[in-house]
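Structural overview for review
One letter stands for each residue in the lines below.
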Amino acid sequence: MLPGLEAALSARRKYVDDTSDEFEGSGLGLGAAHEAAGRARFAGQVFIDRSDTGYTGLVNQGATCYLNSLLQTLYMTPEFRSALYSWSYAAEEHGDEDVCMPLQLQRLFGFLERTARGAVSTGKLTKSFGWTGAEAFQQQDVQECMSVLFEHLGTAGAGAELGRHIGEEQTGVVDDYLECMECDYKRSRADQFKALLLQIQGRASVEEALDYYVAPDELSGDNKYDCPGCGHKSDARKGVRIKQLPKILTLQLQRFAFDMRTFGRVKVNDAVSFPATLDTSRWCPPATDGQGALPQEYELFSIMNHTGSAHGGHYFAYIKDLETGNWFCFNDSNVKTLSEDELRTAFGGTTERPGLAKEKAASAAAAAQAAAAAAAAGGGEENPAEDATDGGKAAKADGGAGGGSGGTDGGGAAGAKDDKDKPVVNSSCNAYMLVYRRVDRPGESAPKRDMPKAIQETIDADNTKYLELKKEWDYEQQLLRLRVWTEGKTHMVTIHRDEPMSALLEMAHAAVAPTDADGQTVPLELCRLREYDTLKNLKLTPLPDDGTVKLCDAKIKNRQVLTMETRGPDEAWTEWVDGGLPLLLTKLVDPESGEYSEPTQIQVVGDPTVAALRAVAEPLLGLEGRCRLVVLIGEEPTVLDEEGKLLTRDLRIMPGDIVRAEACDDPTTPSRIVKLYEDLVNDVEIIYNKITPDTPPGTAAARACERATIRIDQRQSLGTLKSMLAAETGVPESEFKIRRAGAKIELKDLEKPLVFFGLLGGGQIALEKGRPLSVGEFAISVVLYDPKAAAEIADAEAAAAAAEKTAASATPAAHVAA
């Protein structure tokens, strides 16, 4: 091994062993407090500050973003929340609390309303679904999830306000009808719905999609209806009428379709606009209740969005606070205020490519300048500025950002042109489900109900525990766990980042307990801390010696490695210059054994040239005027004899590299360091089978011999190796051959070096008794063919085969006879 390298690697291994308790983590809050996250008291906790919006997020269990969007929408629906809070749990009726979904949903809503946490988990709710864990990583459809949820809640809340809300305020009625156009025959069937599924492909707005939804299909021609009233096939009309709309109207936009060209599922990214207030009078007849006619206007308050493709993506929701009118984005754990521009992105469709707005502005400015220049030159245009403005309007109208038709599955906007000023990006983020609420009559307001008192008490107790834990967590986040590396040992020091540097030095001094050559403890004032590179064994920048400086101001990082440095009472600290090149310097003590002195750290400042390095090294080693410096560059030992060369730029010497020095009175003599290195790297071990004088000739006998090894310089010749093997085995060189292991090829040219034959470290050869061949000699096997003998052998083999077949066929009969 290279001189000094073994010690460096040993120290590195020791450091790794001592620090093997470290662990890696990912997820919120782990970046600055790995240890705190590993403590049992913080297990399962998510420490997120509550959003400035006042709302609480929901933790994504893996792929539950669709569920989180739906739950936040239901929570922000006042009628649903009030009905859920009115429901009462009874153990004898509803079973165990852990599997009672209405109760767990009730508690979840309570946490969303009252918790001190920034985000809460849906784990207990999904456990009540019967999920075992894998389901949390399987994305499902929002509308399907809503249907299953409502079905269960409607059953559990039957006969109570919750059941009434699900059955009336969340459920509408459509009339599926068929009418004969030649007689009075009519047929209809009333169906309930929780959400209207609207076909949006090729339709620019929700209004157009609703028109299409109620538009009848004409049954005529080959598709006539066999009318029972007429007794024959007649023209008929078939369709769906909206008979009654619920208080909470959910519209599902059919964003996923089947592509007949690819026979695969694709996402429809067409732009579809939708109004903030939807007047439903053109699709549904007016309805009344006990207080008179119901309003037919609906207010949009939730937009559930999907971004991605038909094969996967992410759900999040834009939801409106019905009291304040403000919109918010609920994206799993994160809740933020929503801008008007962000709200419009839910339309979907095409968007301008990045940078297009700046390019348009620059183009318009250039056009205006050109027009002004033409006008000043007396151009023929009466009003060039007006023409330029009109052109800009035309371009804007042509490339409109409104609602052109999009493509499918991110394949580019349909109709997008190659012109640079046209929209070219097809957004895969768009509205998937819209939730409207019937506007209140004058004097009416959304219902409000307090959560059950038992749930309030549970949440208040949880808040107390959580805030105490968060206080501990926040403190843990401010702790620095530092490692002080000295004399092959690492010492852990834990300290708050607001503590002064003097406190760190005191704690490190107590942990390390440094001693001098006499075994006496070095006083605190003779110690200082420095940054440390464990891989290169380098002492780096000293920490500030001003004891009042806080660790955070000194930019000390968690898990940082330091080292403690000491000095004598009459010594000064080694100067450190930022930007200097730190190196390790060692001296060749014994050229015969290759012994080097203990590496000493030096620093080359100013211009890091060979001359600057020599000026530092020679007086330190006592070799003024007779010092030869050698450094390993790549895999080649290089003598530093060009004084003006830059160490880093020209020679690629890096911080922590080892510079070896030797006494040199005559610069023309070869370097002993280079020779030692070359001897070291060329020293190889060859594996062979150790034959003896009694070993019989032949390959089989040779293979039976035990394995042995021999060390040799790979620059030596094959003849030298053979002489060494003859001395080891006691077999004269003229009585054994050298072959490649596992092959019959004999190595014959004794003048060639071992490298020529590929005999490097770990190479294997096979020795075999027998006369070796010389260069130019070849062993040839000759086989004589005798036709008569060959025929006799063939006849004998045929007779033997026939006899064997006869014996085999006779065996069953003999068995039966026996």
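For the structure itself, consult the block above.
First things first, this report covers the structure right here in the doc.

Cut-offs applied
Residues numbered from 1 in each chain as written. Predicted model: local features only at pLDDT ≥ 70, side-chain atom pairs only at ≥ 80, totals over all residues. Heavy atoms only, no water. Helix = DSSP H or I, 4+ residues; strand = E, 2+ residues; numbered from the N terminus. Buried < 20%, exposed > 50% of the residue type's maximum accessible area, 1.4 Å probe, protein only. Contact = heavy atoms within 4.5 Å. Areas by Shrake-Rupley, 256 points an atom, 1.4 Å probe, with all protein chains shown as cover. Salt bridge = Lys/Arg side-chain N within 4 Å of Asp/Glu carboxyl O. Expected span 1.5 Å × (residues − 1). Core = buried A, V, L, I, M, F, W, Y, C linked by side-chain atoms within 4.5 Å. Pairing = 2+ DSSP bridges. Axes fitted to C-alpha atoms, helices over the stretch in contact; angles between N-to-C directions. Parallel < 35°, antiparallel > 145°, perpendicular 65-115°, else oblique. Left-handed = near helix turned anticlockwise from the far one by under 90°. Nonpolar A, V, L, I, M, F, W, Y, C, P; charged D, E, K, R; others polar. Phe/Tyr/Trp six-rings, centres within 6.5 Å; stacked < 30°, edge-to-face > 60°. Lys NZ or Arg CZ within 6 Å of the ring centre and 35° of its normal. Patch = residues over 30% accessible without salt bridge, like charges linked within 9 Å, V, L, I, M, F, W, Y side chains within 5 Å.

Let us look at the overall build of the protein. Each helix and strand in the protein was counted, giving 20 helices and 37 strands. Within the protein, the fraction of its 818 residues that count as buried is 39%. A separation threshold of at least 6 residues defines the contact pool for the protein, and within that pool the share at least 24 residues apart is 68%. For the protein, the exposed area adds up to about 44,100 Å²; of that, 51% sits on carbon and sulfur atoms.

Side chains carrying opposite charge are able to pair once their charged atoms draw close together. Summed over the entire model, instances satisfying the criterion amount to 42 salt bridges. Taking the shortest distance from any N to any O, the salt bridge between Glu323 and Lys448 comes out at 3.1 Å. Note that Glu323 is positioned in the loop between β17 (312-320) and β18 (327-331) and Lys448 in the loop between β22 (429-438) and α14 (453-477), a separation of 125 residues in sequence. Both residues of the pair, Glu323 and Lys448, belong to the exposed class.

Our next topic: α14. Side chains that are three or four residues apart share a direction in an α-helix, a result of its 3.6 residues per turn. With 25 residues, α14 extends 35 Å between its outermost C-alpha atoms, agreeing within 8% with the 36 Å of an ideal straight helix rising 1.5 Å per residue. Along α14, the positions that sit buried rather than exposed are Ile455, Ile459, Asp462, Asn463, Tyr466, Leu469, Lys470, Trp473, Glu476 and Gln477.

Looking at soluble globular proteins, one finds that nonpolar side chains tend to be buried together. Of all hydrophobic cores here, the largest spans 52 residues; its most connected members are Phe80, Leu105, Phe109, Val142 and Leu153. When neighbours within four sequence positions are excluded, Phe80 is seen to be in contact with Leu74, Leu105, Phe109, Phe150, Leu153, His165, Ile166 and Gln170. Core analysis: the next-biggest nonpolar cluster, separate from the first, contains 32 residues, Leu278, Tyr318, Leu338 and Cys429 among them.

Inspection of the secondary structure puts Glu706 in the loop between α18 (699-703) and β35 (707-713). We classify Glu706 as exposed; its relative accessible area is 56%. For the pair Glu706 and Asn689, spaced 17 residues apart in sequence, the C-alpha separation works out to 5.6 Å. Not counting chain neighbours up to four residues away, the residues in contact with Glu706 comprise Tyr688, Asn689 and Lys690.

Another point: the sheet that holds strand β6 (residues 217-219). The four strands are arranged β4-β3-β9-β6 in an open sheet whose pairing can be described as antiparallel. Each end of this open sheet is capped by a strand with a single partner; those strands are β4 (186-193) and β6. Taking each pair of neighbouring strands and ignoring which way they run, the sheet shows an average axis angle of 25 degrees. Sheet topology note: the strand β3 (residues 172-180)/strand β9 (residues 236-244) ladder contains eight bridges and is antiparallel. Across the sheet, residue Asp176 finds its bridge partner in β9, namely Val240.

Where helix α6 (residues 101-114) meets α14, the closest approach of the two axes is 10 Å, and the angle between their N-to-C directions is 55 degrees. Relative to α14, the element α6 is oriented oblique. The way α6 lies across α14 gives a crossing that is right-handed. On α14, the residues that touch Gln106, Arg107, Gly110, Phe111 and Arg114 of α6 are Ile455, Gln456, Ile459, Asp460, Asp462 and Asn463. Along the lines of polarity and charge, the residues of the contact of α6 with α14 split into three nonpolar, four polar and four charged.

With that out of the way, let us pick up the side chain of His306. Positionally, His306 belongs in strand β16 (residues 297-309). Judged by its relative accessible area of 2%, His306 falls in the buried class. Excluding its chain neighbours within four sequence positions, the residues that come into contact with His306 are Gln139, Phe256, Lys267, Gly312, Gly313, His314, Tyr315, Ser428, Cys429, Asn430 and Tyr432.

This part is about α6. Taking 1.5 Å per residue as the helical rise, α6 with its 14 residues ought to reach 20 Å, and the 20 Å between its terminal C-alpha atoms agrees with that figure. α6 sits mainly inside the fold: 11 of its 14 residues count as buried. Residues Met101, Pro102, Leu103, Gln104, Leu105, Gln106, Leu108, Phe109, Gly110, Phe111 and Leu112 constitute the buried set of α6.

Another aspect to go through is the environment of Arg559. The topology assignment puts Arg559 in the loop between β26 (538-542) and β27 (561-566). Spatially, the C-alpha atom of Arg559 lies 9.7 Å from that of Thr494, the residues being 65 residues apart in sequence.

This part takes up the packing of aromatic side chains. Across all of its chains, the model carries 17 aromatic pairs by this definition. Summarising the aromatic geometry, the rings of Phe756 and Phe757 are spaced 5.1 Å apart at their centres and angled 85 degrees between planes, so their arrangement reads as edge-to-face. Through a chain of ring-to-ring contacts, three or more aromatic side chains come together here, namely Tyr66, Phe256, Tyr315 and Tyr432. Between Arg660 and the ring centre of Tyr596, over which it is positioned, the NZ or CZ distance is 5.9 Å.

Below, the discussion takes up a nonpolar patch on the surface. On the surface, Phe778, Ile780, Val782 and Leu784 cluster together to form a nonpolar patch covering roughly 580 Å² of accessible area. By secondary structure assignment, the location of Val782 is in the loop between β37 (765-769) and α20 (787-817).

If you check the backbone angles, Lys555 has positive phi at about 60 degrees while not being a glycine. By the element assignment, Lys555 lies in the loop between β26 and β27.

Attention now goes to the sheet that holds β27. Across a sheet, paired strands are connected by hydrogen bonds in the backbone, their directions being either parallel or antiparallel. Ordered in space as β24-β23-β27-β25-β26, the five strands form an open sheet in which the pairing is mixed. Two strands close off the open sheet at either side, each with one partner strand: β24 (489-496) and β26. Each neighbouring strand pair of the sheet contributes to a mean axis angle of 45 degrees, computed without reference to strand direction. Sitting on the sheet, helix α15 (residues 501-512) is in contact with β23 (479-486), β24, β25 (527-533) and β27, with an inclination near 145 degrees to β24.

Relative orientation of the contacting elements helix α3 (residues 65-75) and α6 amounts to 75 degrees, with a least axis distance of 11 Å. Looking at the two axes, α3 sits roughly perpendicular to α6. Of α6, the residues touching α3 (which contributes Leu71, Gln72, Leu74 and Tyr75) are Leu105, Leu108, Phe109, Leu112 and Glu113. Residues of the contact of α3 with α6, tallied by class, amount to seven nonpolar, one polar and one charged.

Looking now at the side chain of Thr695. Residue position: Thr695 is located in the loop between β34 (683-689) and α18. In contact with Thr695, not counting residues within four places along its chain, are Ala701, Cys705 and Lys769.

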